[in-house]
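# Reading the structure
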Amino acid sequence: MIKGIFYSLLASVLFNCIYYMSVLMNPISTQALIGYRMIFAMPFVIAAIFLLKQQRNFKFLLLKIKLKPKILLVLLATSLIVSFQMWLYLWAPSNGAALKVSIGYLIMPIVMVLFGRIFFKEHLSKTKLASIFFAAIGVFSTAVISGGISWESAVVFCLYPVYFTIRKYYNLANFSSFVIEIIFMFLFSFYFALTADMDYVMSQNPNIYYLLILLGAISGIALIAQILSSTLVPINVLGLLTYFEPIMMLFVSFAIGERLEKSSYFLMICLAISVTLLMIDSINSIKGDKNTKTK
C-alpha cells in the first residue's frame, strides 16, 4: 500500500506542476494549450493500456459499445465535461482565477458526498453530515456577502460531481472509459493546436515547444501514477489522499501571486472545517475496515 500512497501523492504533485506550468506557457491560448497537451500526452495514455494490462478490459468496453451504441454518446458527453474542466484548469492560473478554481476543488468532495446520497442512496455518517453543514454555511454566507459564488468555483464543484455520477450510473467508472474520453478529446486536439500562431508564440516564448513536450510528459506520468495508485490502495484510503491535490492548488495559487479576498475568509474557515471532517471520516472508515479484518 505504501507504493500506492506514493503514486497518489506523486500524481497530485504532478497535476499541480501542470497548474503552475500553464503560467509559463504565455502567450499561447488555452485552447491551443489543451490541444498540444492532449497530443503529447496521448502516447502515455496508449502505453498505460499495455503497462497496466488493460487490453482485455478495453476490448470488452468496445464490444459493449458495439452492442449498446448509446454508450458512445454518454462517453462523448462525459468527455465534453472533462474537456471543459481541463480547459479551466489550464486557463485559471494565467487569468487570475487560480484561487477560485482551487476553492471549487475544495467544495467538490462535499458535493460529491451529497450526490452519492441523493442518486445512489449512500450512507451519510454524522461526520459527513456535519461536513456538508459547514460547507453549506460557508457557501451561503459567501453568496450573501459577495453576491454569489464565482462561476469558476461553481463550474468545478457542480460539473465534476455530474461527471462522476454519469459514469457511475452507466457503470463506466473505469480506466477504459477514460481512454475513450481521451480519444474524443484527442480528435479535437489537432484543431485546437492549429488555432495557435506558433511563429508569434515562439517569438515571445522561444522555449514553448520544450515546455509543451514537458507538459504532455507530466500529464501522462501523472495519469499513470493516478491509475497505479487506484489499483494498489483501498478506496477509502484513496479518498483520503484525494484531498491533498486541492490543498496543494491553494499553495500554487499563492505562489503565482494571487491573494484571498477578505470576503472569502469565512468560506475558507468553513471549508477547512468541512474538509477536515471528511478526512476524519475517511480515517475512521479505514480504522473500521482494519478492525473488521482482524476479527
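Residues numbered from 1 in each chain as written. Predicted model: local features only at pLDDT ≥ 70, side-chain atom pairs only at ≥ 80, totals over all residues. Heavy atoms only, no water.

Right, let's talk about the side chain of threonine 78 for a bit. You can see threonine 78 is positioned in helix α4 (residues 70-91). Of note is the side chain of threonine 78, whose polar atom sits 2.9 Å from the backbone oxygen of leucine 75. If we skip the residues at most four places from it in the chain, threonine 78 touches Tyr163, Ile166, Arg167 and Glu181. (Helix = DSSP H or I, 4+ residues; strand = E, 2+ residues; numbered from the N terminus. Polar contact = N/O pair within 3.5 Å; in protein donor to acceptor, adjacent residues only side chain to side chain. Contact = heavy atoms within 4.5 Å.)

For the bond running from asparagine 26 to proline 27, omega is 10°, close enough to zero to count as cis. Structurally, proline 27 can be placed in the loop between α1 (2-24) and α2 (30-51). Although it is not a glycine, lysine 121 adopts a positive phi angle of roughly 55°.

Let's shift gears to the UniProt feature "domain: EamA" (unreviewed entry) in the protein chain. Those places that UniProt annotates as "domain: EamA" (unreviewed entry) correspond, in this numbering, to residues 3-141. Along residues 3-141 one finds 85% helix and 0% strand; the C-alpha atoms at either end are 41 Å apart. (UniProt positions renumbered as here; feature names shortened; annotations may be inferred.)

This part covers the packing of α1 against helix α10 (residues 208-232). Relative orientation of the contacting elements α1 and α10 amounts to 155°, with a least axis distance of 8 Å. On the basis of the axis angle, α1 is roughly antiparallel to α10. α1 and α10 meet at a crossing whose hand is left-handed. (Axes fitted to C-alpha atoms, helices over the stretch in contact; angles between N-to-C directions. Parallel < 35°, antiparallel > 145°, perpendicular 65-115°, else oblique. Left-handed = near helix turned anticlockwise from the far one by under 90°.)

Let us look at the packing of aromatic side chains. Counted according to the given criterion, the structure contains 16 aromatic pairs. Taking 5.8 Å as the distance between ring centres and 20° as the angle between the ring planes, the aromatic pair formed by tyrosine 160 and phenylalanine 164 counts as stacked. Here the residue tyrosine 160 and the residue phenylalanine 164 both occupy positions in helix α7 (residues 151-169), the gap between them amounting to four residues, near one helical turn. Looking at tyrosine 160, the relative accessible area reads 12%, which means it is buried. A relative accessible area of 35% means that phenylalanine 164 is categorised as partly exposed. Summarising the aromatic geometry, the rings of tyrosine 169 and tyrosine 170 are spaced 5.0 Å apart at their centres and angled 85° between planes, so their arrangement reads as edge-to-face. One aromatic cluster in this structure is built from Tyr19, Tyr89, Tyr105, Tyr160, Tyr163 and Phe164. Between lysine 168 and the ring centre of phenylalanine 120, over which it is positioned, the NZ or CZ distance is 4.7 Å. (Phe/Tyr/Trp six-rings, centres within 6.5 Å; stacked < 30°, edge-to-face > 60°. Buried < 20%, exposed > 50% of the residue type's maximum accessible area, 1.4 Å probe, protein only. Lys NZ or Arg CZ within 6 Å of the ring centre and 35° of its normal.)

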